[in-house]
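Spelled out from the first residue to the last, the chains are:
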Amino acid sequence: MIKKIQISLLCLCLLSISVSYAQWTGPKRKPAQRIEVKYGPITPKNRTDENMERFRNYGLGQFIHWGLYAIPGNEWEGVSARGGAAASEWIRSWGGATAPKDWKNTYDNLYKQFNPKDFDAKKWAKQAKDMGARYMIFTTKHHDGFAMWPTKYSDYNISKTPYKKDVTKEIVDAYTAEGIDVYLYFSVLEWNNPNYMGAEPKTPEEKEKFQKFLDYTRNQLLELLTNYPQTKGLWFDGTWDKSWIMAYEFTYNLEKELRTKFPGIIIGSRFRNDEFGKRHFDSNGDILGDYEQGWERKLPAEFEWLDGNTWDCVMTVPPNGWGYMKDWSGLYTKTSDDLIDMLMHCVSMNGNLVLNFGPDGNGKMHPGEDILAKEIGEWMKVNSEAVYDVRHAGLSPSKLGYFTRKENNLYLTVFNRPVNNIVRIAVPKKSTEVPKTAKLLVDSKELKVVHSDIGLDLDQSTYYDVVLPENFNAKKAFVIKMELGAPKTAAEKLMDAKM
Ligand code: H79
């Protein structure tokens, strides 16, 4: 009997875990009845100002995880941390049999060695530009609490390293000069800050201590946005602990303050929660912040799941691991084909793909990342028209690839080429816009478009066939650009038939 209860309790537990994740892997649940929420959204769900439109148009972004964790690169003295730490940037929490002795202390002193002799922000920015990134997100402070800028509010910062210089400033300046918008990643949670606690502060002493941490967080955020006025927005992380969740009044006011002092700033949904502890989305299911930050290493299967929100997907090259990982062997690392597929998946659903890079302790990208940047860049040079400034096309998903749309242009990025070279596009029968002309972005040659009304009973669609030249060779996904126009009238079709 006791055993049975234990088992069912375990099941309940597992169930509640899966339920708490469910919002990212299915349609957004909305409460049957709206309730009063005092600390709900501050900005409207769909800001239409220039900054927000710019965000929606980026298509491709670059994430950079760079901090003290770049020095070990997921290993220490020849011993791998794989399996002992959650990810390379989590190496400070390395535990179990393989963890080095006194490891946390070793890690906390790594700043004394941070001296990236090959760091050249202009080189990074140039590489990102050549890859086709239109925005970038830089880790100003990860969970270890080490600030990559010379903050006045903690000694644990870049100015105390042998490198001394302000890495964040170099990055903000270099990327801005390349025309790439800069966003700052900021972890609220800190592993070794004596004023931080994960649990809800209860005693007066704890409350006083955590209030110091909150004030410090506010100071750092104001400092970052003041020091680097080119910053377009913030990408928050480490906001899941109870202490932060219970500080909803403080975080609400802080969001208001940031928006008042830095008009136009873009803040993600991971920053805060409502008074009922609902994160990302409040108790009514309304988004908190300007874009949904839930798509970390995951993709929505259906457009409807996004509920019309602006969003980005941040993606690693290895399965997990954002900071430098010296050894990629034995891991599946995503290919440029995988990543281009994910990019088109995102943009076809109105999202941006942000590809992560984890430079090493000397400031060099991983050689594998250099290759990916080059391959993606080469593809983007030909095909970026299908990526930039586009929107969801509103057509049923195609088995052949992804649709995107800009004005009266429809793009189909083909990943699965039909064996008969006929690319069939399904269009609702009632549609007032249908493909009229088609060409490949790679060579601009006109392709034949044939209306194939195959006449399936009860079918809501009619079909347009784009015929690919048999001698057309493609080693990667390719884009067909179609111009949309009015369908032929019945009279015109009759004329065609008589000719
Ligand atoms: O910086 C990279 C990662 O180090 C960081 N986000 C990316 C961009 C990251 N930190 N943690 N995680 C990702 C995953 C964290 C998962 C958990 Fe939890 C935190 C499991 C338990 C606490 C959040 C809250 C998810 C479940 C409950």
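One can find the structure itself at the top, above this paragraph.
Worth saying up front: this structure is predicted, and the values here are computed from it rather than measured. (Residues numbered from 1 in each chain as written. Predicted model: local features only at pLDDT ≥ 70, side-chain atom pairs only at ≥ 80, totals over all residues. Heavy atoms only, no water.)

*Asks:* Please explain the overall build of the protein chain as it appears in this structure.
*Replies:* When you go through the protein chain residue by residue, the secondary structure sums to eleven helices and 17 strands. Principal axes of the C-alpha set define a box for the protein chain whose edges measure 90 × 55 × 55 Å. When each of the 499 residues of the protein chain is scored for burial, the buried share is 53%. Here the analysis covers contacts within the protein chain between residues at least 6 apart in sequence; of these, 71% occur between residues at least 24 apart. With the model as given, the accessible surface of the protein chain reaches about 23,400 Å², and the carbon-plus-sulfur share is 55%. If the 67 positive side-chain charges of the protein chain are averaged to one point and the 65 negative ones to another, these points end up 1 Å apart. (Helix = DSSP H or I, 4+ residues; strand = E, 2+ residues; numbered from the N terminus. Buried < 20%, exposed > 50% of the residue type's maximum accessible area, 1.4 Å probe, protein only. Contact = heavy atoms within 4.5 Å. Areas by Shrake-Rupley, 256 points an atom, 1.4 Å probe, with all protein chains shown as cover. Lys, Arg positive; Asp, Glu negative; His and termini not counted. Charge placed at Lys NZ, Arg CZ, Asp CG, Glu CD.)

*Asks:* Would you mind showing me how to read the pattern of salt bridges here?
*Replies:* When their charged atoms lie close together, side chains carrying opposite charge are able to pair. If you walk through the whole model with that rule in mind, you get 32 salt bridges. Between D307 and K45 there is a salt bridge whose closest N-O contact spans 3.6 Å. Of this pair, D307 sits in the loop between β8 (292–296) and β9 (311–315) while K45 sits in the loop between α1 (2–21) and α2 (50–57), placing them 262 residues apart in sequence. Residue classification places D307 among the partly exposed positions, given a relative accessible area of 27%. The salt bridge involving D49 is made with R47; its shortest N-O contact spans 2.8 Å. For D49, a relative accessible area of 28% puts it in the partly exposed group. Residue R47 is classed as buried on the basis of its relative accessible area of 8%. (Salt bridge = Lys/Arg side-chain N within 4 Å of Asp/Glu carboxyl O.)

*Asks:* It is not clear to me how the packing of aromatic side chains should be interpreted in this structure. Could you clarify?
*Replies:* Aromatic ring pairs are described here by two measures, namely the spacing of the ring centres and the angle between the planes. Taken as a whole and judged by the stated rule, the model has 34 aromatic pairs. Relative to Y58, the ring of F55 lies with its centre 5.7 Å away and its plane at 65°, an arrangement referred to as edge-to-face. You'll find F55 and Y58 in the same group, each marked buried. Note on F63 and W322: the rings are 5.7 Å apart at their centroids and 65° apart in plane angle, and the pair reads as edge-to-face. Here F63 is found in strand β1 (residues 60–64), whereas its partner W322 is found in the loop between β9 and α9 (336–347), with 259 residues between them in sequence. Note on accessibility: F63 and W322 belong to one class, buried. One aromatic cluster is present, built from ring pairs that chain together F55, Y58, Y135, Y183 and Y291. Sitting above the plane of the Y388 ring, R134 keeps its charged end 3.9 Å from the centroid. (Phe/Tyr/Trp six-rings, centres within 6.5 Å; stacked < 30°, edge-to-face > 60°. Lys NZ or Arg CZ within 6 Å of the ring centre and 35° of its normal.)

*Asks:* Please clarify how helix α10 (residues 367–383) should be interpreted in this entry.
*Replies:* The α-helix advances 3.6 residues per turn, and as a result positions three or four apart in sequence lie on the same side. Helix length check: α10 (17 residues) gives 24 Å between terminal C-alpha atoms against 24 Å at 1.5 Å per residue, within 8%. Every buried residue belonging to α10 is among G368, E369, L372, A373, I376, G377, W379, M380 and N383, and all of these are buried. The inward-facing, buried residues of α10 abut β1, α4 (121–131), α9, β10 (351–357), β12 (409–414) and β17 (478–485). (Expected span 1.5 Å × (residues − 1).)

*Asks:* Explain empty space enclosed by the protein to me, please; I cannot follow it from the model alone.
*Replies:* A probe matching the size of a water molecule, rolled over the atoms, marks out where space remains unfilled. Here the structure, examined in full by the defined rule, presents two cavities of 30 Å³ or more. Roughly 70 Å³ of internal volume is contained in the largest cavity. Residue lining of the largest cavity: V317, P318, G321, W322, G323, Y324, M325, W328, N356, G358, H366 and E369, and that is the complete set. For the lining of the largest cavity, the class distribution of residues is six nonpolar, five polar and one charged. Its boundaries defined by the atoms lining it, the second largest cavity holds a volume of some 30 Å³. As for the second largest cavity, its lining consists of R56, N57, G59, V347, N350, G351, N352, V387 and V390. Secondary structure elements with two or more residues in the lining of the second largest cavity: α2 and β10. Each residue belonging to the lining of the second largest cavity can be placed in one class, and the counts come to three nonpolar, five polar and one charged. (1 Å grid on protein atoms, 1.4 Å probe; cavity = no way out; pocket = protein on both sides within 12 Å on 5 of 7 lines; lining within 4 Å. Points joined across faces, edges and corners; volume = space filled by probe spheres on them. Nonpolar A, V, L, I, M, F, W, Y, C, P; charged D, E, K, R; others polar.)

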